[in-house]
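Each chain is listed here by its residues.
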Amino acid sequence: MHIDAQPIDLKLATPFRIARGVQYTASNAIVQITHNEYTGYGEAAPSKYYGESVETVLACIAMFAGNLGDDPFFIDDIHQRLHKIIGLNPAAKAAVDMALYDIMGKMLGIPLYKLLGLNPERAAYTSFTIGIDTPSEMAKKALLAREYPILKIKVGTRQDLDIIKAIRDVSSATLRVDANAGWTPKEAIKNINAFAQYNIEFVEQPVPAHDLEGLKLIRDNVPLPIISDESSITVDDIPRLAGCVDGINIKLMKCGGIYKALKMIHVARAHNLRVMIGCMIESSLSITAAAHLTPLVDYADLDGNLLIYDDPYEGVRVEQGKLMLPNRPGLGVKKR
Ligand code: MG
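Residues numbered from 1 in each chain as written. Predicted model: local features only at pLDDT ≥ 70, side-chain atom pairs only at ≥ 80, totals over all residues. Heavy atoms only, no water.

Trainee: How would you explain the pattern of salt bridges if you had to name every residue and give the values?
Mentor: When their charged atoms lie close together, side chains carrying opposite charge are able to pair. Scanning the model with the defined rule gives 17 salt bridges in all. Put simply, arginine 317 and glutamate 319 hold a salt bridge, and the shortest N to O gap is 2.6 Å. Among the ionic contacts, a cluster of salt bridges with common partners joins Lys152, Lys154, Asp178, Glu204 and Asp301. (Salt bridge = Lys/Arg side-chain N within 4 Å of Asp/Glu carboxyl O.)

Trainee: Kindly report on the sheet that holds strand S10 (residues 274-278), identifying the contributing residues and their values.
Mentor: The strand order S4-S5-S6-S7-S8-S9-S10-S11 describes an open sheet built from eight strands, whose pairing is parallel. Every interior strand has two partners, whereas the edge strands, strand S4 (128-130) and strand S11 (299-300), have only one. Together, strand S9 (247-251) and S10 form the strand contacts of helix H11 (residues 258-270), whose direction differs from that of S9 by roughly 175°. (Pairing = 2+ DSSP bridges. Helix = DSSP H or I, 4+ residues; strand = E, 2+ residues; numbered from the N terminus. Contact = heavy atoms within 4.5 Å. Axes fitted to C-alpha atoms, helices over the stretch in contact; angles between N-to-C directions.)

Trainee: Quick rundown of the domain arrangement of the chain? Include the residues and the values.
Mentor: You can read the domains of the chain as domain 1 (2-109) and domain 2 (115-335). A straight line from the C-alpha centre of domain 1 to that of domain 2 covers 22 Å. Taken residue by residue, the interface counts 40 residues in domain 1 and 43 residues in domain 2. The tally of links from domain 1 across to domain 2 stands at one salt bridge. Between arginine 20 and glutamate 230 there is a salt bridge, and its shortest N-O distance comes to 3.0 Å. (Domains from an automatic or database assignment.)

Structure below.
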């Protein structure tokens, strides 16, 4: 098998602000693996927060080239070699992993959900994210997003309660809240208790990733479910999160791809945790890869492709929030 990677810049439709910063573009990489007459595609959406950049992704792919072997179905072997050669670098691994699944599906002539034994009718509804802005601007954005039945509201500001009030005033959507580690445990307990009257479905990552005691303290003192994101990176994080949170947010770009995400889903279930699948700012290529897993999860936040205006790919579609999986072989993604 032969592998190549190229950088790609995705422009956001509007600046995207969360508790720890603002983003205008996403510098991602597209990975292409060829095997006989088949070509598989994958995408890496590296995040500085998790120690990656487009440069590290390209370097990892160059380092790994020559070690793919000649059978894309040996996914476990390939992941073991990937780990030995490129260490962490989960977004780079994810791109390789999804390109291999794309090839497997194309060789078999079946879509990825079928390869995984999943029913596409059970694909999840995705939330649509409202980035941080003034409360009135966020309410305006919520109104513009009224085709989506679930909104994810980014908070972690001094006006968080005003934000929730302003959005609830104009929207009857299901609301999820994501603080992106922006609060102390004390602030979180106060805020979440105040949010509860606004019919919020759950709160994501109230405190910094390492603060599992804080997560537990919050969970024991608020009426809403708590979902980890920054604290739940790989499968190894799950056992210690049980009892501290109600569920985990899994992302292909944090865990290293579809193969690893499947492990996380099953380990999370064994620990009685709810499961969410989320994303970075990504094109429809890797968003579609993640969407194929959603028949297995409780919540999906797969809107990274909806936040950019120059999506070079088409794959999964969203109809009134419902993820509609493509039935073409492999990931089912094509160039626009
Ligand atoms: Mg999050």
